[in-house]
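# Working through the structure, step by step
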Amino acid sequence: MFKGVVYAVAIAAAFSMAAPAAAAVQVFNLTLSDPAAGLGSGPYGTVTVTENGGALDFVETLTAPYRIHDGNSNHNALAFNIAGNLTIWNLTAGFAAVSPDAATSVTGPPFGSFAAAIDCTTACANGYAGGFAGPLSFTVTSSSGPLTLSSLTANAYGNFNVYFASDVVQANGNTGNVGGVAGRSPVPEPATWAMMLVGFGAAGVSLRRRKRVTLQAA
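First, a word on what this report is: a plain description of the structure on this page. The residue numbering used here restarts from 1 in each chain and proceeds along that chain's sequence as written. Only residues with pLDDT of 70 or above have their local features reported here, since the model is predicted, and side-chain atom pairs are shown and tallied only from 80 upward, although totals for entire chains, interfaces and linings are computed over all residues. Based on all heavy atoms of the structure, the side-chain values leave hydrogens and waters out of the count.

In terms of helices and strands, the protein carries 2 helices and 15 strands. Burial classes: relative accessible area under 20% of the type maximum marks a residue as buried, over 50% as exposed, and values in between as partly exposed (1.4 Å probe, protein chains only). Within the protein, buried positions represent 37% of all 218 residues. By definition in these notes, contact holds between two residues if any of their heavy atoms fall within 4.5 Å. For the protein, the share of sequence-separated contacts (at least 6 apart) that also reach a separation of at least 24 residues comes to 69%. Strands here mean DSSP runs of E at least two residues long; helices mean DSSP runs of H or I at least four residues long; both are numbered from the N terminus.

Structural data, given as structure tokens:
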């Protein structure tokens, strides 16, 4: 058994050195809505954020029948909080960045103010027929340094931490902002799994040694 544990630890250590690091990913669930909007109960969709070599990749995917609406200056396609001067690129056609500099912000009632946002320009028109079904995707970098998932900050809304606000339209024509809260935890990297296996192996060895000592004492 001891040899088996040693082999498992060795394999885990080799895997941690050989396996490429997987990108950390966080999924945010669009589950909250402006009570006055009449959008019905969520979920309305998700926002998936992936670390990409100092940048963050965003993908907003809505659940049918909801579509991106972007009605006015305080109802944007997607609003979020990252401090600093941002560059937003790889943006879906028909969308534009709003307030990516540190000096300005946008509002997304009832979820508060956000540091930056994405506007739906030519990709959206009036009513449900003019809504954008998605997905919406873009990449964000910062002049302040590399971005990670922890670069995203939230607004307090009741008992919730809201990371995103997105203006959507329902099939009946009702529109309003929906809020995104943290969902699934970031996916562990292969090296993290390997280190966990090493830890389990070491714990097994320790327990086996204690058992031997106990038997000898008896």
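Right, let's get into the environment of Asn 155. Here Asn 155 lies in strand β12 (residues 155–157). The class for Asn 155 is buried, based on a relative accessible area of 14%. Sequence separation of Asn 155 and Gly 179 is 24 residues, and the distance between their C-alpha atoms is 10.0 Å. Ignoring any residue separated from it by four or fewer positions in sequence, one finds Asn 155 in contact with Asn 81, Phe 111, Gly 112, Ser 113, Phe 114, Phe 160, Asn 161 and Val 162. Distance and chemistry together define a polar contact, namely a pair of N or O atoms within 3.5 Å, with one atom able to donate a hydrogen and the other to accept it when in protein, and with adjacent residues in sequence counting only for side-chain atoms on both sides. Side chain to side chain, Asn 155 and Asn 81 meet in a polar contact 3.0 Å long. Reaching out from Asn 155, the side chain makes a polar contact with the backbone oxygen of Ser 113 at a distance of 2.9 Å.

Turning our eyes to something else, we now look at the side chain of Gln 170. Secondary-structure assignment places Gln 170 in the loop between β14 (164–169) and β15 (175–182). Using a relative accessible area of 14% as the deciding quantity, one classes Gln 170 as buried. Reaching out from Gln 170, the side chain makes a polar contact with the side chain of Asn 172 at a distance of 3.0 Å. Ignoring anything within four residues of it in the chain, the contact list for Gln 170 reads Gly 38, Leu 39, Tyr 66 and Tyr 128.

With that settled, consider unusual backbone geometry. Glycine aside, residues mostly have negative phi, and peptide bonds are mostly found in the trans state. Residue Pro 43 is bonded to the preceding Gly 42 through a cis peptide linkage, with omega at 5 degrees. By the secondary structure assignment, Pro 43 is in the loop between β1 (25–33) and β2 (45–52). Cis geometry marks the peptide bond from Pro 109 to Pro 110, where omega comes out at 5 degrees. One non-glycine residue, Ser 99, adopts positive backbone phi at about 55 degrees. Here Ser 99 shows up in the loop between β7 (95–98) and β8 (106–107).

Moving on, we come to the packing of aromatic side chains. Pairing of aromatic rings covers Phe, Tyr and the six-membered ring of Trp, with a centre-to-centre limit of 6.5 Å; geometry is then stacked below 30 degrees between planes, edge-to-face above 60, and tilted otherwise. Across all of its chains, the model carries 9 aromatic pairs by this definition. On the basis of an interplanar angle of 70 degrees and a centroid distance of 5.1 Å, the ring pair of Phe 28 and Phe 164 is categorised as edge-to-face. Here Phe 164 lies in strand β14 and Phe 28 lies in strand β1, a separation of 136 residues in the sequence. With respect to class, Phe 28 is no different from Phe 164; both count as buried. Pairing Phe 58 with Phe 80 gives two aromatic rings, centres 5.3 Å apart and planes at 35 degrees, and the pair type is tilted. Of this pair, Phe 58 sits in strand β3 (residues 55–62) while Phe 80 sits in strand β5 (residues 78–80), placing them 22 residues apart in sequence. Look at Phe 80 and you get buried, because its relative accessible area is 0%. Grouped by ring-pair contacts, the aromatic residues Phe 28, Phe 58, Phe 80, Phe 138, Tyr 163 and Phe 164 constitute a single cluster. Sitting over the ring of Tyr 128, Arg 67 keeps its end group 4.1 Å from the ring centre. To sit over a ring, a charge needs its Lys NZ or Arg CZ within 6 Å of the ring centre and within 35 degrees of the ring normal.

So far we have only geometry, and geometry alone does not tell us how the molecule works.
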